[in-house]
Amino acid sequence: AGLRQLHDARALEAQVDAVYCRFFLMHLKHPELALKNVFQLLKPHGKLFVEEPTGLDTIKCYPMTESFARFLDLGYQQFQIYHTDPAIGSKLAGQLHDLGFSTVSSQLFHPILQTPDERSMIRLSAEALSFAFVEKQLLSKESMQAICQGLKVVENDPMYFVTYLQVAQICAEK
């Protein structure tokens, strides 16, 4: 099933054994509609596997830098602009029970980014989002480049302790 089908219940019949979605629901204005349609899409005893963040406040840098703080602030602004929920992972277990899933199990995963390669995820995320930040006039292209440069310092200096998004990993059975 394609992404469009998750928003169009008329196109759905119980046809799949499992659905996996990761960091998807957090970008939807109405994730409950997609979840309802996933429920319809699943065969009896079908499973939904979901990984979604529990909030941007779980991304940490010690000591905090101006570039890191600015990037986090931009992330919050972006979610506010689009009226989406970066903390949906903390709400999903209850929503899935309410939708009628018979079994819902969950666990939390909170990665610590120890190596420069791991910490590069923060800078690469900033670079990937820079177009949207500039397009929405949250800052200039030059300011975004300066933030990415500051994040590169964090990436390459072992004195920084960096964590990424805490993620709720959920398995639900229909």
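Data block above holds the structure.
Residues numbered from 1 in each chain as written. Predicted model: local features only at pLDDT ≥ 70, side-chain atom pairs only at ≥ 80, totals over all residues. Heavy atoms only, no water.

1. A short note on the overall build of the chain
We apply this condition: Strands are runs of DSSP state E lasting at least two residues, helices are runs of H or I lasting at least four, and both sets are numbered from the N terminus onward. Note on contacts: a residue pair qualifies if any of its non-hydrogen atoms lie within 4.5 Å across the two residues. The accessible surface values rely on the Shrake-Rupley method and a 1.4 Å probe; as for residues, cover is taken only from the protein chains in view. All tallies of charge rest on Lys and Arg as positive and Asp and Glu as negative; His and the ends of each chain are not included. Throughout, a charge is located at the NZ atom of Lys, the CZ atom of Arg, the CG atom of Asp or the CD atom of Glu.
Within the chain, the regular secondary structure consists of five helices and seven strands. Reading the secondary structure of the chain in the N-to-C direction produces β-α-β-β-α-α-β-β-α-α-β-β. Counting only C-alpha atoms, the chain reaches 50 × 30 × 20 Å along its principal axes. By sequence separation, contacts in the chain at least 24 residues apart represent 83% of the contacts at least 6 residues apart. As displayed, the chain has an accessible area near 9,600 Å², and 55% of this comes from carbon and sulfur atoms. With 16 positive and 19 negative side-chain charges, the chain shows a spacing of 4 Å between the two charge centroids.

2. Quick look at the nonpolar core
Threshold: To form a nonpolar core, buried Ala, Val, Leu, Ile, Met, Phe, Trp, Tyr and Cys residues must be joined to one another through side-chain atoms within 4.5 Å. Between buried and exposed lies partly exposed: a residue is buried under 20% and exposed over 50% of the maximum accessible area for its type, with that area taken using a 1.4 Å probe on protein chains only.
The biggest cluster of nonpolar side chains holds 47 residues, and the ones touching the most others in it are Leu25, Leu48 and Ile122. Leu25 has contacts with Pro31, Ala34, Leu35, Val50, Glu52, Ile88 and Leu92, leaving out every residue within four places of it along the chain.

3. Considering a nonpolar patch on the surface
As a reminder of what qualifies: Each patch is built from residues that are more than 30% exposed by relative accessible area and take part in no salt bridge. Like charges join if they lie within 9 Å; nonpolar side chains (Val, Leu, Ile, Met, Phe, Trp, Tyr) join within 5 Å. By convention in these notes, a salt bridge is any Lys or Arg side-chain nitrogen within 4 Å of a carboxyl oxygen on Asp or Glu.
Together, Tyr62, Ile112 and Phe161 make up an exposed nonpolar region whose accessible area comes to about 290 Å². Among the secondary structure elements, Phe161 is positioned in strand S6 (residues 161–163). The exposure class of Phe161 is partly exposed, given its relative accessible area of 38%.

4. Examining the sheet that holds strand S3 (residues 60–62)
Rules: Being paired, for any two strands, means DSSP has found at least two bridges between them.
With antiparallel pairing, the three strands of this open sheet are ordered in space as S3-S6-S5. Every interior strand has two partners, whereas the edge strands, S3 and strand S5 (112–113), have only one. The pairing of S3 with S6 spans three bridges and is antiparallel. Looking at S6, one finds that Lys60 is bridged to Thr163.

5. Some details on the layout of surface pockets
As a reminder, the rule being used: Buriedness for pockets is judged along seven lines, at least five of which must meet protein on both sides within 12 Å for an open set on the 1 Å grid over protein atoms alone, while cavities are sets there where a 1.4 Å probe fits but cannot get out, and lining residues have an atom within 4 Å of a point. Grid points are joined across faces, edges and corners, and a volume is the space filled by probe spheres set on the points. Residue type decides the class: Asp, Glu, Lys and Arg count as charged, Ala, Val, Leu, Ile, Met, Phe, Trp, Tyr, Cys and Pro as nonpolar, and the leftover types, Gly among them, as polar.
Of the pockets and cavities examined, the largest pocket occupies roughly 450 Å³. If you trace the largest pocket, you find 18 residues lining it, with Met26, His27, Leu56, Phe79 and Leu129 closest to the centre. Elements represented by at least two residues in the lining of the largest pocket include exactly helix H2 (66–82) and helix H4 (116–135). Ranked by residues supplied to the lining of the largest pocket, first place goes to H2 with six residues. In the lining of the largest pocket, the residues fall into 13 nonpolar, five polar and no charged.

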